[in-house]
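# Per-entry structural report
Chain residues, written in single-letter form:
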Amino acid sequence: MASMTLKKKPMTKEGFRKKWADSHSQLELASSDPLRLKYHLQPPMGWLNDPNGLCQKDGIYHIYHQFVPFYPDLCSVFWGHVTTKDFIHYEYHEPALYPDSEWDANGPYSGSTFQKDGLMYVYYTGNIRRTDRPDYDYITGGREQNTVLVTSEDGFHFNEKQLLMTNKDYPSDLSLHVRDPQVFAENDRFYMIQGARDLNAHGSAIVFESGNLTDWTYKLRFKSDKPFGYMWECPNYLKLDGRQFLIACPQGIPSDGLNFASENQCGYFPLNWDSKRTDYELGDFRQLDRGFDFYAPQVFQDESGRWLLFGWMSTPDADYDCEQTMAHGWTHAMTVPRELYVNNEGALCQRPAAELQKMRRSGDCRDFKNRFRYDASACFELKVRLEQDAEEWELLLRESAVLRYKDGILSLDIGGCGSGRAVRGVRLDSVHDLQVLSDTSSLEIFVNGGAEVFTTRIFDSMSGLKVKFASDHAAGSMEYYELTV
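The structure contained in this document is the topic of the report that follows.

Parameters and conventions
- Residues numbered from 1 in each chain as written.
- Predicted model: local features only at pLDDT ≥ 70, side-chain atom pairs only at ≥ 80, totals over all residues.
- Heavy atoms only, no water.
- Helix = DSSP H or I, 4+ residues; strand = E, 2+ residues; numbered from the N terminus.
- Rg over C-alpha atoms; globule rule 2.2 N^0.38 Å.
- Buried < 20%, exposed > 50% of the residue type's maximum accessible area, 1.4 Å probe, protein only.
- Contact = heavy atoms within 4.5 Å.
- 1 Å grid on protein atoms, 1.4 Å probe; cavity = no way out; pocket = protein on both sides within 12 Å on 5 of 7 lines; lining within 4 Å.
- Points joined across faces, edges and corners; volume = space filled by probe spheres on them.
- Core = buried A, V, L, I, M, F, W, Y, C linked by side-chain atoms within 4.5 Å.
- Pairing = 2+ DSSP bridges.
- Axes fitted to C-alpha atoms, helices over the stretch in contact; angles between N-to-C directions.
- Phe/Tyr/Trp six-rings, centres within 6.5 Å; stacked < 30°, edge-to-face > 60°.
- Lys NZ or Arg CZ within 6 Å of the ring centre and 35° of its normal.
- Nonpolar A, V, L, I, M, F, W, Y, C, P; charged D, E, K, R; others polar.

This brings us to the overall build of the protein. Helix and strand counts for the protein come out as two helices and 32 strands. Here the protein has a C-alpha radius of gyration of 22 Å; the compact-globule value for 485 residues is 23 Å, and the two agree. Residue burial in the protein is summarised as follows: out of 485 residues, 61% are buried. Taking all contacts inside the protein whose residues are at least 6 apart in sequence as the whole, residues at least 24 apart take part in 59%.

Set out below in structure tokens:
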């Protein structure tokens, strides 16, 4: 390792602090952007992506994330760190992890936190990209994906990094793409799941087993019967209401009508697995979000037992130029926290965390027939319940975003405010309820109790905004709230 040439020199905490101290103008530029979100997590400046290490400790939620603070001038990757007690007011801290060792000099990539006996075990992928040869493809050569562990008693101070595994410790038929560890406990044993790509460009999730959280042995591999994408990023295992699910982000999925509109997908497989065994059953993959901007979610259980999810409000293949916000020196954000539950059909559903209701102001609740209309602010919540099936309706959101149900297809059209993006949709037999969360430059739309979700960034004038529903045969009730942090 000592002789390799790295793409970037490691950046220490001292180096970060010095450069950050010289960044007042960049921070002011970012904070002055009218597109800054009001109640979503976003970077103070620079680039944000995958949520990492999500947990609650002693009543405080710790939200770590991939963070490139000086993007695009210096592309060192850190773990950003934010805390909250209510999911409304957030406090930003210095990065939790730095690219400061020989195992992660090109970035501490994504990972998760597992807590035991008051200690936080933080697992992540240490990324190394060599530059000593020009012919590296960074799939079978030139890359290292190291599994690294740090521990913490409080979520702010971390002990010395420990190297747990390197690529030679993973199955020999895998490429150099193995990353994003999540650790969980089953039957008094510990398991680590990681996303993987094999030498035939087939994605999977590999599982290791341990009795002490530091020594790991390969156990099995979750994969679909037929190849499904070339890489499964950010795998998450959860057990909810007696059902098991494997969340993953398969890359390289070809579009299929309304399905898989993005090359990089995010969804879940129903799973049937006894952790004492190596056989399992994977059900059919189902998308978690139908919008333009959702990827790399991470789930965790809080101290009350809720399963919560944050997602990255973008995608690796976003077909717009780093958002319009880059003119102000920042880009990307997180979704709102979402509580997971299983509906009567066995689907994994999402709904906004209940804490967000504390932002509601100026509420109006009423019944309607066929139509309703509001002059809207940029930050609002809208809930609509349809009491009878309406075969066709249209809901204008803000300036030009349109949610439309016609011929059994629910579509979101952001052609007028999507920075080049147009329409996404899903086929549904009926729509019986909607919940919309609007922020300055985002929409999150939960359909039929969150069985389907549309998440997207939008960029409109934020003036003269409206909410307008129209149908020839619809009746129901609605709630409208302005939201204030």
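That was the structure; now back to the text.
Its volume calculated, the second largest pocket comes out at about 530 Å³. If you list the elements that add at least two residues to the lining of the second largest pocket, you get β1 (46-57), β5 (108-116), β9 (174-186), β13 (231-240) and β18 (295-301). Per-element accounting of the lining of the second largest pocket gives the leading share, five residues, to β9.

Ranked by internal contacts, the top residues of the largest apolar core, which has 50 residues, are F87, L238, F310, L340 and L348. Not counting residues within four places of it along the chain, the set of residues in contact with L348 comprises L238, L240, F245, I247, Y268, L288, L340 and Y341. Of all hydrophobic cores here, the second largest spans 37 residues; its members include F380, Y405, I414 and I445.

Ordered in space as β18-β19-β21-β22, the four strands form an open sheet in which the pairing is antiparallel. Two strands in the sheet have a free side with no partner beyond their single neighbour: β18 and β22 (348-352). In this sheet, adjacent strand axes meet at a mean angle of 35° when their direction is disregarded. In terms of strand pairing, strand β21 (residues 338-342) meets β22 through five bridges, oriented antiparallel.

Moving on, we come to the packing of aromatic side chains. Across all of its chains, the model carries 39 aromatic pairs by this definition. With a centroid separation of 5.5 Å and an interplanar angle of 85°, the aromatic rings of F245 and Y268 are classed as edge-to-face. Highlighted residues: F245 in strand β14 (residues 243-251) and Y268 in strand β15 (residues 267-273), separated in sequence by 23 residues. Its relative accessible area of 1% is what places F245 among the buried residues. Judged by relative accessible area, Y268 falls into the buried class, the value being 3%. The cationic tip of K19 hangs over the ring face of F70; the distance from NZ or CZ to the ring centre is 5.4 Å.

A separate point is the sheet that holds strand β20 (residues 330-331). Reading across from one edge, β4-β3-β2-β1-β20 is the order of the five strands in this open sheet, with mixed pairing throughout. The open sheet has two edge strands with one neighbour each: β4 (90-97) and β20. Relative to β20, β1 is paired through two bridges, and the arrangement is parallel. By the bridge assignment, G46 is partnered in β20 with W330.

By the definition in use, this model includes two cavities of 30 Å³ or more. By volume, the largest cavity is sized at about 120 Å³. Along the wall of the largest cavity there are 16 residues; nearest its centre are S262, Q265, Q287, D289 and G291. Of the residues in the lining of the largest cavity, the class split is six nonpolar, seven polar and three charged. Its boundaries defined by the atoms lining it, the second largest cavity holds a volume of some 70 Å³. Taken together, 13 residues make up the lining of the second largest cavity; nearest its centre are S110, G111, D180, C234 and Q298. At the level of secondary structure, the elements contributing two or more residues to the lining of the second largest cavity comprise β1, β5, β9, β13 and β18. Counted by class, the lining of the second largest cavity contains six nonpolar, six polar and one charged residues.

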